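Here is what each chain is made of, one letter per residue.
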Amino acid sequence: MEIIGRSTSNVNYTKSVHVLPKVGKLISFLVKAKKLGEMTVRVKASISNGIATDALEKVIRVMPESLVQSRVESFGFFMDTYQNQTFLVNPSIDKKANKGSVKFELRVNPNLLITVQENLDNIRADISGCSESIKDMLHFVVHEYLVAVGSTHPYESNDNVNRFLINVHLQKCIKSNGSWRNKVFDTAFLVNALQDAAKYIYFTDRLKREKAFDWLASQQHHSGSFKETETDLHYKRSDVALTSYVLAVMLENESAKVQHAVVIEKGMSFLSDQLDLITSANDLAIVTYAMMLYGHRLKDAAFEKLIDVSIITNNGAERYWNTSNSVEATSFALLSHVMANKLLEALPIMRWLVNHRSEIDSVTGQENTYLRLKALSRMTHKISPSRNDYMVQLKYKQSTRLLRFDKYSNMIQNITTPQGVRKIEITVMGIGAGLLEVIYQYSLNLTNFENRFQLDLQKQKTSSDHELRLKVCASFIPTVSESRSNMALIEVTLPSGYVVDHNPISEQTTVNPIDHFEIRYGGASVVAYYKNMSNVRNCFTVTAYRRFKVALKRPAYVVVYDYYDTNQNAIKMYEVDKQNVCEICEEEDCPADCQK
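Residues numbered from 1 in each chain as written. Predicted model: local features only at pLDDT ≥ 70, side-chain atom pairs only at ≥ 80, totals over all residues. Heavy atoms only, no water.

Where an unreviewed UniProt entry is consulted, the protein appears under the name Alpha-macroglobulin receptor-binding domain-containing protein, with the organism given as Anopheles quadriannulatus.

(A) Fine view of the sheet that holds strand β22 (residues 569-574). Here we have 5 strands laid out as an open sheet, ordered β18-β19-β15-β21-β22, and antiparallel in their pairing. Each having just a single partner strand, β18 (516-520) and β22 make up the two edges of the open sheet. The mean inter-strand angle of the sheet, taken between neighbouring strand axes irrespective of direction, is 15°. Relative to strand β19 (residues 525-530), strand β15 (residues 488-493) runs antiparallel, the two sharing 6 bridges. From the neighbouring strand, Glu-491 faces β19, where its bridge partner is Val-527. (Pairing = 2+ DSSP bridges. Helix = DSSP H or I, 4+ residues; strand = E, 2+ residues; numbered from the N terminus. Axes fitted to C-alpha atoms, helices over the stretch in contact; angles between N-to-C directions.)

(B) Representation of helix α3 (residues 184-197). Here α3 contains 14 residues, and its C-alpha end-to-end distance of 20 Å stays within 8% of the 20 Å for a straight helix at 1.5 Å per residue. Counted residue by residue, α3 has 13 buried out of 14 residues, so it is predominantly covered. (Expected span 1.5 Å × (residues − 1). Buried < 20%, exposed > 50% of the residue type's maximum accessible area, 1.4 Å probe, protein only.)

(C) Broad picture of the side chain of Thr-543. Along the polypeptide, Thr-543 turns up in strand β20 (residues 538-546). At 3.3 Å, the side chain of Thr-543 forms a polar contact with the side chain of Arg-469. When near neighbours in sequence (up to four residues on either side) are disregarded, Thr-543 contacts Glu-467, Leu-468, Arg-469, Val-500 and Pro-504. (Polar contact = N/O pair within 3.5 Å; in protein donor to acceptor, adjacent residues only side chain to side chain. Contact = heavy atoms within 4.5 Å.)

(D) Focus on the packing of helix α10 (residues 326-339) against helix α12 (residues 363-383). Two elements in contact, α10 and α12, have axes whose closest approach is 9 Å; the angle formed by their N-to-C orientations is 25°. It follows from the interaxial angle that α10 and α12 lie roughly parallel. For the element pair α10 and α12, the recorded crossing hand is left-handed. Where α10 approaches α12, its residues Val-327, Glu-328, Ser-331, Phe-332, Leu-334, Leu-335 and Val-338 are matched on the opposing element by Asn-368, Leu-371, Arg-372, Lys-374, Ala-375, Leu-376, Arg-378, Met-379 and Lys-382. (Parallel < 35°, antiparallel > 145°, perpendicular 65-115°, else oblique. Left-handed = near helix turned anticlockwise from the far one by under 90°.)

Given below as C-alpha cells:
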C-alpha cells in the first residue's frame with residue numbers, strides 16, 4: 001500500500017487533530033493499493049501521549065475482474081519395500097493468467113485407511129456345530145482385520161486359544177471323503193478359511209486341507225466347470241461363479257496351486273470361453289479375481305469390463321457393483337484391485353464396503369461378512385499407516401523442503417509455495433502408503449472467456465450525485481434449444497466508495513424471480529441467486545450510495561455465471577463519477593501538483 005504524497009518507504013502516517021468532547025471529526029488518509037489481493041488497514045487513535053488508545057482493522061479487497069481456475073493433480077504411492085518414487089508436476093497454466101496469481105499447495109495424506117465402525121467382537125460367537133461353522137470362521141477373518149489395522153498383534157492375543165479350538169473343530173467338520181456337507185462351495189469356503197487361519201495358528205492339519213482340495217478337484221466336470229452337488233437353499237451361484245471361486249481358493253494355496261495345476265488350467269479354459277458371454281456383475285467380479293490370481297492373458301480385459309459395470313455414488317466417493325449380492329461382488333472387485341495394485345482406484349470401493357455391513361443372522365450374511373472383511377483386510381495391509389516410514393521432499397526453483405512421516409505421525413501436512421512457482425518435483429523416500437495432492441490455482445480475467453450469458457447494464461437517473469441506481473438484465477445463451485443453466489449467480493460489484501443498504505434490490509421481473517440475495521464485503525457487493533436461467537431476460541435494479549470519497553476509481557463490473565460450471569459466464573464494466581486526488585484531498589494531504 002502506498003500513502004499518496006509521501007515517500008514510498010513510509011508504511012504508516014500519523015495525523016494530530018483537536019477533537020471536542022462528544023463531537024465526531026472526519027479524518028482521511030489517501031492511500032493506493034500496490035498489488036492485487038486482500039490488504040489489512042489498521043487505524044490506531046491515542047490521546048494524552050498514549051495514555052488511552054483504541055484501534056480497528058479492516059480488510060480491503062483489491063481484486064481484478066477474474067475467475068479463479070483451480071486444478072488438482074493426485075498421486076498415490078504404495079511402497080512395500082524401501083525405495084524412492086519421484087513425481088514431476090508441470091501443469092498447463094493459461095498464458096493469460098493474471099500476473100502473480102499462480103499458487104501451489106502440496107497436501108500429503110499419510111492415512112488412507114477407512115475402518116469399519118461396527119463392534120467386531122459381536123461377530124465372534126461361541127463354537128457351534130458343523131452345520132453352522134461359517135459363523136465360527138468369522139473368528140479368523142476378524143482377527144486378520146484387527147491385525148491389519150494394527151489393533152492387535154498376530155500372535156499375542158487373548159483369543160489365541162479360542163482360535164486354536166475353532167480350527168480343530170472346523171477340521172473335524174471335514175468328512176472322510178474330504179468334503180463339508182457334500183457341497184462344492186461350502187467345502188471351498190471352509191478350506192479357504194482354514195488356509196487363512198494357518199497364518200496365525202501354530203498347529204494345523206495340512207493333510208485335512210489337502211484332502212479337501214482333492215475332493216474339490218474330483219468334482220470338476222469334463223467341461224472344466226464346477227457344479228453344485230446339491231441345491232443351495234441360501235444362495236444359488238452360477239457355474240461360472242462357482243468355478244471361479246473354487247479356482248481362486250486353489251490359487252490362494254501354494255500347495256494346491258501346484259498339486260492341481262491341471263484342474264486349474266482346465267477351469268481357466270472354461271472361464272475364458274465364457275468371459276464374453278457374462279452379463280452378471282457378480283459372476284464377472286469373481287471371474288476377474290480368479291484370472292488376476294492366475295495371471296491369465298484375459299485378466300486386463302476382464303478387469304476393464306468389471307469397471308465398466310460398476311456404479312459410482314456419493315459424488316464419486318464410493319464405487320460398488322449393483323447385483324443380487326452387491327457385498328459379495330464388491331468384495332471380489334476390491335480383491336482384484338489389490339491384486340492389480342490399483343490401490344488409489346480401490347479407495348472408493350473400500351469406502352463403500354466399510355459402510356455396508358451384512359447381518360450375520362443368515363448363512364448368506366455370514367458368508368458376505370467373511371468376504372467383506374477379507375477384502376478389507378487385504379486392502380488395509382497395503383495402505384495401513386502403521387507401516388509408514390518415509391520422507392516427502394518438495395523441490396521448486398532453488399528451494400527444498402521436507403516432511404517426515406512414520407506410524408506415529410499420520411496427520412495431513414501441507415506445504416505452500418511462494419508465488420511465481422510454475423513446476424515442482426516431489427520425491428517420496430521410504431516405505432508405506434499415502435496420497436499426494438497438488439492443488440494449484442490462478443486467476444484469469446473474465447474477458448478471456450466466451451460469453452454464455454447475455455448481460456445488459458443501464459445506469460438510471462437519480463436526484464442525487466451520491467445515489468447510484470443500476471438496472472441489470474441477464475439471460476442464458478443455450479447451445480441446445482430450450483436448455484437452461486444450472487443455478488446462476490449475478491454479482492454486482494460497486495465502485496469504490498459506494499455501499500448498499502439492507503434492501504438493495506427492487507423492480508425485479510416476476511418470471512423466474514430471484515431465489516435469494518446476499519450482501520458481501522460490507523455492502524460493496526450484491527449477489528443475486530437464480531435457481532436457473534433460460535433465454536428469457538431476468539432483470540432487477542440495485543441501489544447504492546456513496547459513503548466515502550475515492551479518487552482514481554477503476555471501472556466496476558457485473559458478472560453472471562453458472563454456479564456449477566463457472567466457465568459459463570459473462571461480464572460487463574460500468575463507470576460512475578470520476579474524481580481525481582486534488583478534488584478530494586485535504587490541504588495537508590494533497591500532492592505538490594495540486595493547486596489548493
